[in-house]
Amino acid sequence: MPTEPLRCAGALIVDDDGRIFIQRRSPDRAIFPNCWDIVGGHLEPGEEVAEALRREVTEETGWSLSHVLGLVGEYRWTGDDGLDRLETDFLVRVDGDLSRPRLEAGKHTEFRWLGEEDVALLDEHRDINDGLIRRIAENGFAALRSIGL
């Protein structure tokens, strides 16, 4: 087993209405099946967080990262696979048709734009004690308020 946590990068994609893009993981995913999630994933060998962030946005949505608005936070967590992860999440803007993402085939089944009043949706199909994705979204909305968006 590795002693260092796997590194992950996450993107809280923001639209002009201050909503955050989320997508539902497919039911056959090993970690968080059928759960709502933000865009992101593991860093590839030799990849920096910023590179992974850009790559994951394009792979999972078909959009391109236009700019990073700010850091949301770093989160340590352990997946159902027993592996520790260190995830760094950012508020970002993207270029592309925000009404028509190209979801990554086999990995995601649907998407929506989440308003701050809807964060409880993120608890759906999650372990009652998990709360991680909801906390990340709440921190993302707090960061949006702090920068006046």
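Just so it is clear, the structure is predicted and the values come from calculations on it, not from any experiment.

1. Quick look at the sheet that holds strand 7 (residues 108-114)
No. 1: Judged by pairing direction, the sheet is antiparallel, and its three strands sit side by side in the order 3-2-7 without closing on themselves. Only two strands of the sheet have a single partner each, and these edge strands are strand 3 (36-37) and strand 7.
No. 2: Summarising the sheet, strand 2 (residues 20-25) and strand 7 pair through six bridges and their orientation is antiparallel. Bridging across to strand 7, arginine 24 finds its partner in glutamate 110.
No. 3: The strands touched by helix 2 (residues 132-146) within the sheet are strand 2, strand 3 and strand 7, with strand 2 carrying the most contacts at an inclination of about 165°.

2. What to know about the pairing of strand 5 (residues 64-78)
No. 1: As paired strands, strand 5 and strand 6 (residues 84-95) are joined by twelve bridges and run antiparallel to one another. Within the sheet, the bridge partner assigned to leucine 71 lies in strand 6 and is phenylalanine 90.

3. Quick notes on the packing of aromatic side chains
No. 1: Taken as a whole, this structure holds five aromatic pairs when the rule is applied.
No. 2: Judged by centre distance (5.7 Å) and plane angle (25°), the rings of phenylalanine 21 and phenylalanine 111 are stacked. A residue pair is termed long-range when its members are at least 10 positions apart, and phenylalanine 21 in strand 2 and phenylalanine 111 in strand 7 qualify at 90 residues.
No. 3: Judged by relative accessible area, which is 0%, phenylalanine 21 ranks as buried.

4. Focus: the nonpolar core
If you look at soluble globular proteins, the nonpolar side chains tend to sit buried side by side.
No. 1: Leu12, Leu91, Leu114 and Leu122 are the most contacted members of the largest nonpolar core, which totals 24 residues.
No. 2: Elements represented by at least two residues in this core include exactly strand 2, strand 5 and helix 2.
No. 3: Among the elements that make up this core, the one with the highest residue count is helix 2 (seven residues).
No. 4: The contacts of leucine 12, once residues within four sequence positions are left out, are Ile20, Ile38, Val72, Asp89, Phe90, Leu91, Val92, Ile136, Ala137 and Gly140.
No. 5: Of all hydrophobic cores here, the second largest spans 16 residues; its members include Phe21, Val57, Leu65 and Val92.

5. Overview of the sheet that holds strand 1 (residues 6-13)
The strands making up a sheet associate through backbone hydrogen bonding, with each pair oriented either parallel or antiparallel.
No. 1: Strand order in the open sheet made by the four strands is 4-1-6-5, with mixed pairing throughout. At either margin of the open sheet sits one strand with a lone partner, and together these are strand 4 (39-42) and strand 5. Taking the axes of each pair of neighbouring strands and ignoring which way they run, one obtains an average angle of 20° across the sheet.
No. 2: The strands touched by helix 2 within the sheet are strand 1, strand 5 and strand 6, with strand 5 carrying the most contacts at an inclination of about 140°.

Rules and cut-offs
Residues numbered from 1 in each chain as written. Predicted model: local features only at pLDDT ≥ 70, side-chain atom pairs only at ≥ 80, totals over all residues. Heavy atoms only, no water. Pairing = 2+ DSSP bridges. Helix = DSSP H or I, 4+ residues; strand = E, 2+ residues; numbered from the N terminus. Contact = heavy atoms within 4.5 Å. Axes fitted to C-alpha atoms, helices over the stretch in contact; angles between N-to-C directions. Phe/Tyr/Trp six-rings, centres within 6.5 Å; stacked < 30°, edge-to-face > 60°. Buried < 20%, exposed > 50% of the residue type's maximum accessible area, 1.4 Å probe, protein only. Core = buried A, V, L, I, M, F, W, Y, C linked by side-chain atoms within 4.5 Å.

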